[in-house]
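A look at the structure
In case you want the letters, here they are:
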Amino acid sequence: MDKITNMLQAFNAFRKNIRSKIVRQEDFKEETIKIWQANFFADILVFLGPLSVVLFIPSFIMCIHDGLNILAIFDSIAFVVVQYIFFSKTLSLKTRKTILLVDLYLIGVALLYFLGWSGPGLVYLLGFSAFSTLILSSRTGYIALSMNALMFVIFATLSHFQLVEDKMLSGFIPAAIITVGLNFIILNLVLVISISSLIKGLQTKIKTEQEVQQKLEIEMEGHKQAMIRAEESDRLKTIFMANMSHEIRTPMNGILGFAQLLREPHVEEEKRELFLKIIDESGHRMLNLINDIIDISQIESGQVQVVIKEVNVNDLFDSLLSAFTPEARREEIHLSLRKTLPHSHAIIRTDGEKIYAILVNLIKNAIKYSKSDVIELGYEKFDNLIKFFVKDSGIGIPMEKQLAIFDRFVKVDYSSTKEGTGLGLAICKGHVELLEGEIWLESQIKKGTTFYFTIPLK
Ligand code: ADP
């Protein structure tokens with residue numbers, strides 16, 4: 001038993017070795033059925049190589065003995081060819097296949113010619129068409145079938161006119177030959193059709209499996225990405241919560257602490273004013289934070305309505321300018337407005353309040369974060385969209401943060417205490433998307449940032 005197992009193992013190793021020499025993996029990319037066909041061909045050679053030696057010697061002796069010298073030469077040539085395609089290291093897979101098929105065909109024809117209808121010629125020809133379909137393609141199978149049919153017709157005609165070897169004519173009865181011929185061709189056809197449909201079925205199955213596999217991979221990738229996003233969102237929420245508690249506590253402490261101080265008797269007028277100012281600022285800071293949280297939750301829960309009205313963009317920018325000029329002046333920033341249309345042409349139909357809110361956020365950020373001397377703002381109107389921009393020449397946003405900056409809670413510097421919650425740009429993006437537009441930025445460290453957003457005009 002062990003010996004048989006060892007022999008089988010040795011044979012399998014030999015088979016693998018031959019396969020790896022004949023079938024080079026670089027010949028194939030994804031067509032697995034082709035790999036299967038190549039391996040099948042290699043297996044045929046594994047058997048045919050050594051077996052042809054066993055077959056050749058007795059048949060050669062028999063041919064010489066019977067005086068069939070030409071057949072002996074054919075036999076030898078066929079044998080040498082099989083050995084050549086078995087041992088050659090340079091032949092390509094396709095050439096090996098073609099040579100083997102031609103060899104098989106020529107032996108079939110020679111056997112038919114020299115040994116007649118009762119010899120193994122027809123079996124070889126049948127094998128020729130079956131192998132052509134199996135190792136090459138259905139098309140080659142049908143070509144082989146036609147070649148067989150033609151050869152049969154030629155030999156039958158030659159036999160009829162007694163133009164062939166005597167051997168071939170022995171037992172030649174026209175009716176019997178026609179029956180053999182028809183059976184041969186029909187059997188041949190059935191073989192080619194069944195092998196073709198088997199291969200086609202396999203191909204379809206493999207293709208479907210590959211598609212399923214691909215879909216699965218895409219889904220897996222989607223799940224992986226979703227998990228990464230969920231983890232990232234979780235991480236950001238934790239940071240947000242830490243930030244939030246600080247954001248809430250600081251103004252609350254301000255309000256409570258300074259309200260307490262105001263209660264003290266005999267507080268000087270100057271100090272009272274200062275305390276009231278701090279309470280006022282802290283209150284506003286709280287209010288902003290609450291407003292941001294309400295805004296983002298409304299956007300995310302789909303509660304925000306779009307209200308389309310006629311809006312004069314020049315008016316909108318004028319009111320932005322007057323709202324921000326005092327703050328900009330305090331920070332020694334010059335606000336430069338670029339209006340590209342005359343007043344009477346600057347009317348568009350859109351949700352003016354949302355656009356105003358987006359611009360307020362962008363201008364606030366430019367004043368708050370950029371530390372730039374000038375902030376330019378304006379718009380450009382095209383046929384079917386309007387593009388707004390807010391440009392500063394300040395500190396810029398690092399490349400690695402630019403993609404994520406519109407996500408909730410993302411800030412460039414999380415350790416910074418005086419700044420916001422990281423919700424402003426997420427709210428802007430939410431509003432832009434509600435209006436079916438796009439928002440993006442261009443930024444270079446120490447050179448400045450420009451935020452753009454477009455709104456389609458309907
Ligand atoms: P916040 O509500 O905290 O202001 P935003 O979402 O508006 O958050 O902005 C996110 C981060 O983007 C800010 O923390 C800031 O670091 C950075 N940022 C936004 N605008 C600018 C700008 N014009 N220049 C430099 N950094 C900016």
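Here, residues in each chain are numbered from 1, in the same order as that chain's written sequence. For a predicted model such as this one, the threshold for reporting local features is a pLDDT of at least 70, and the threshold for listing and counting side-chain atom pairs is 80 or more; totals across whole chains, interfaces and linings nevertheless cover every residue. Side-chain numbers here rest on the full set of heavy atoms in the structure, without hydrogens or water.

**Re the overall build of the protein chain**
Broken down by element type, the protein chain carries 13 helices and seven strands. Here the globule rule reads 2.2 Å times residues to the power 0.38, and the radius of gyration is calculated from C-alpha atoms. At 43 Å, the protein chain has a C-alpha radius of gyration far larger than the 23 Å of a compact globule built from 458 residues. Over its C-alpha atoms, taken along the principal directions, the protein chain stretches across nearly 140 × 65 × 40 Å. A burial count over the protein chain gives 38% of its 458 residues as buried. We call two residues contacting when some pair of their heavy atoms lies within 4.5 Å. Contacts spanning at least 24 positions in sequence make up 68% of the contacts within the protein chain whose residues lie at least 6 apart. Counting rule for charge: Lys and Arg are taken as positive, Asp and Glu as negative, and neither His nor the chain ends is counted. Note on charges: their place is set at NZ of Lys, CZ of Arg, CG of Asp or CD of Glu. Considering the protein chain, the positive charge centre built from 49 side chains and the negative charge centre built from 51 side chains are found 5 Å apart. The helix count covers DSSP runs of H or I at least four residues long, the strand count covers runs of E at least two residues long, and both are numbered beginning at the N terminus. Three labels apply to residues, based on accessible area from a 1.4 Å probe with only protein chains included: buried if under 20% of the type maximum, exposed if over 50%, partly exposed otherwise in between.

**Details of the layout of surface pockets**
The distinction between a cavity and a pocket rests on a 1 Å grid over the protein atoms alone: a 1.4 Å probe fits inside a cavity but cannot get out, while a pocket stays open yet meets protein on both sides within 12 Å along at least five of seven lines, and a residue with an atom within 4 Å of a point counts as lining. Grid points are joined across faces, edges and corners, and a volume is the space filled by probe spheres set on the points. One number sums up the size of the second largest pocket: a volume of about 650 Å³. Contributions of two or more residues to the lining of the second largest pocket are made by α2 (32-65), α3 (69-87), α4 (93-115) and α5 (121-136). For the lining of the second largest pocket, the element with the most residues is α2, which contributes nine residues. Each residue is assigned to one of three groups, with Ala, Val, Leu, Ile, Met, Phe, Trp, Tyr, Cys and Pro labelled nonpolar, Asp, Glu, Lys and Arg labelled charged, and all others, Gly among them, labelled polar. Residues belonging to the lining of the second largest pocket are distributed by class as follows: 20 nonpolar, three polar and four charged.

**Things to note about the packing of α5 against helix α6 (residues 138-160)**
Two numbers describe how α5 lies on α6: the axes approach to 7 Å, and their chain directions differ by 165 degrees. Classed by the angle they form, the pair α5 and α6 counts as roughly antiparallel. Where α5 crosses over α6, the two elements pack in a sense that is right-handed. Two secondary-structure elements touch here, α5 through Leu-125, Leu-126, Phe-128, Ser-129, Ser-132, Thr-133 and Leu-136 and α6 through Ser-138, Thr-140, Gly-141, Ala-144, Leu-145, Met-147 and Asn-148. Residues belonging to the contact of α5 with α6 are distributed by class as follows: seven nonpolar, seven polar and no charged. A fitted line through C-alpha atoms represents every axis, and for helices the fit uses only the stretch in contact; the resulting angles, taken between N-to-C directions, go from 0 to 180 degrees. Throughout, the term roughly parallel applies to angles under 35 degrees, roughly antiparallel to angles over 145, roughly perpendicular to angles from 65 to 115, and oblique to all others. Throughout, a crossing is termed right-handed when the near helix is turned clockwise from the far one, and left-handed when it is turned anticlockwise from it by less than a right angle.

**Quick notes on the pattern of salt bridges**
Salt bridge, as used here, is a side-chain nitrogen of Lys or Arg placed within 4 Å of a carboxyl oxygen of Asp or Glu. Within the structure shown, the criterion is met by eight salt bridges. Two residues, Asp-318 and Lys-339, come together in a salt bridge whose shortest N-O distance is 2.8 Å. Note that Asp-318 is positioned in helix α10 (residues 313-330) and Lys-339 in the loop between β2 (334-338) and β3 (347-350), a separation of 21 residues in sequence. The exposure class assigned to Lys-339 is partly exposed, which follows from its relative accessible area of 37%. The partner of Glu-376 in a salt bridge is Arg-338, and the shortest N-O contact between them spans 3.1 Å. Taken together, the residues span a long stretch of sequence, with Glu-376 in strand β4 (residues 374-381) and Arg-338 in strand β2 at a distance of 38 residues. Overall, the relative accessible area of 24% leaves Glu-376 in the partly exposed class. On the accessibility criterion, Arg-338 (41% relative accessible area) is partly exposed.

**Some words on the sheet that holds β4**
If you trace the five strands from one edge of the open sheet to the other, you get β2-β4-β5-β7-β6, paired in mixed fashion. This sheet does not close on itself; its edge strands, each paired only once, are β2 and β6 (438-444). The average undirected angle you get between the axes of adjacent strands in this sheet is 15 degrees. Sheet topology places β6 next to strand β7 (residues 448-456); seven bridges connect them, and they run antiparallel. Within β7, the residue paired with Glu-438 across the bridge is Thr-454. A pair of strands is considered paired only if DSSP assigns at least 2 bridges between the two.

**Topic: the site of the ligand**
Residues in contact with the ligand amount to 19 residues; listed here are only the nearest, Asn-365, Tyr-369, Asp-392, Gly-422 and Leu-425. In the model, an oxygen atom of the ligand is placed 2.7 Å from a nitrogen or oxygen of the Gly-422 main chain. Polar contact is the term for a pair of N or O atoms within 3.5 Å; when the atoms are in protein, one must be able to donate a hydrogen and the other to accept it, and sequence-neighboring residues count only if both atoms are side-chain atoms. Contacts to the ligand include Leu-425, whose backbone N or O atom sits 2.7 Å from an oxygen atom. Note on areas: Shrake-Rupley, 1.4 Å probe, and residue coverage restricted to the protein chains presented here. Out of a free accessible area of 550 Å², the ligand has 96% covered by protein chains. Listed by contribution, the elements that provide at least two residues to the shell around the ligand are α11 (352-369), α13 (424-434) and β7. The biggest single contributor to the shell around the ligand is α11, with four residues. Of the residues that constitute the shell around the ligand, the class distribution is nine nonpolar, seven polar and three charged. Think of it this way: one heavy atom of a residue within 4 Å of a molecule or strand is enough to make that residue near it.

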